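# Architecture and fold: a report
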Amino acid sequence: SWWVIVIAAHFPHPANRWDTSMGEMSALRDALRIFLGSTSTRRVLLIADTNEYSLVSNKKIMEYLYGQGDSTIGTALRATCCFDIGFQEGATFDRII
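Residues numbered from 1 in each chain as written. Predicted model: local features only at pLDDT ≥ 70, side-chain atom pairs only at ≥ 80, totals over all residues. Heavy atoms only, no water.

### Description of the packing of aromatic side chains
Threshold: Put simply, two rings from Phe, Tyr or Trp (the six-membered ring, in Trp's case) pair if the centres are within 6.5 Å, and we call them stacked under 30 degrees between planes, edge-to-face over 60, tilted for the rest. Labels follow the DSSP assignment, with helices taken as runs of H or I lasting at least four residues and strands as runs of E lasting at least two, numbered in each case from the N terminus. Each residue is placed in one exposure class: buried if its accessible area under a 1.4 Å probe, protein chains only, is under 20% of its type's maximum, exposed if it is over 50%, and partly exposed if it falls in between. As a reminder, the over-ring test applies to NZ of lysine and CZ of arginine, requiring each to be within 6 Å of the ring centre and within 35 degrees of the ring normal.
Per the counting criterion, the structure on display carries 1 aromatic pair. Ring centres of Tyr 53 and Phe 93 lie 5.0 Å apart, and the angle between their planes is 85 degrees; this geometry places the pair in the edge-to-face category. Here Tyr 53 is found in the loop between strand S2 (44-49) and helix H2 (58-66), whereas its partner Phe 93 is found in the loop between H2 and strand S3 (94-96), with 40 residues between them in sequence. Both residues of the pair, Tyr 53 and Phe 93, belong to the buried class. One cation-aromatic arrangement involves Arg 43 over Trp 2; the distance from NZ or CZ to the ring centre is 4.2 Å.

### So, the environment of Ser 38
Among the structural elements, Ser 38 can be located in the loop between helix H1 (26-36) and S2. Along the backbone, Ser 38 and Gln 68 are 30 residues apart, and their C-alpha atoms lie at a distance of 18 Å.

Have a look at this one:
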C-alpha cells in the first residue's frame, strides 16, 4: 500500500488572468513543501477550484506547488467553475490533478 497527500482547495482569482504568477497559491505551496519535508510520501492529489485559465496547464500548477510536474496527470481543461452558468471557453477553473 502507499500514501497520498490529498489537497482540497479554492484558490483566489489571479491578479492578472493573462499573466499569472500563481502567487495566490504561495501559502499552500509553502505548507505543502514543509509537509513533504516531514514525510516520505511523494504522491499529491489536488482537487481544486484553481481559478486559473487554460493558459495555465495542470503541469505548471503542480510544478509551482510541488516543485515537479513530470509525471502529472489530471482532468481535461474544461470551462467550469463551482457552478455552471456557461463560463467562457478558457475558464478552466475546476481541476483534479
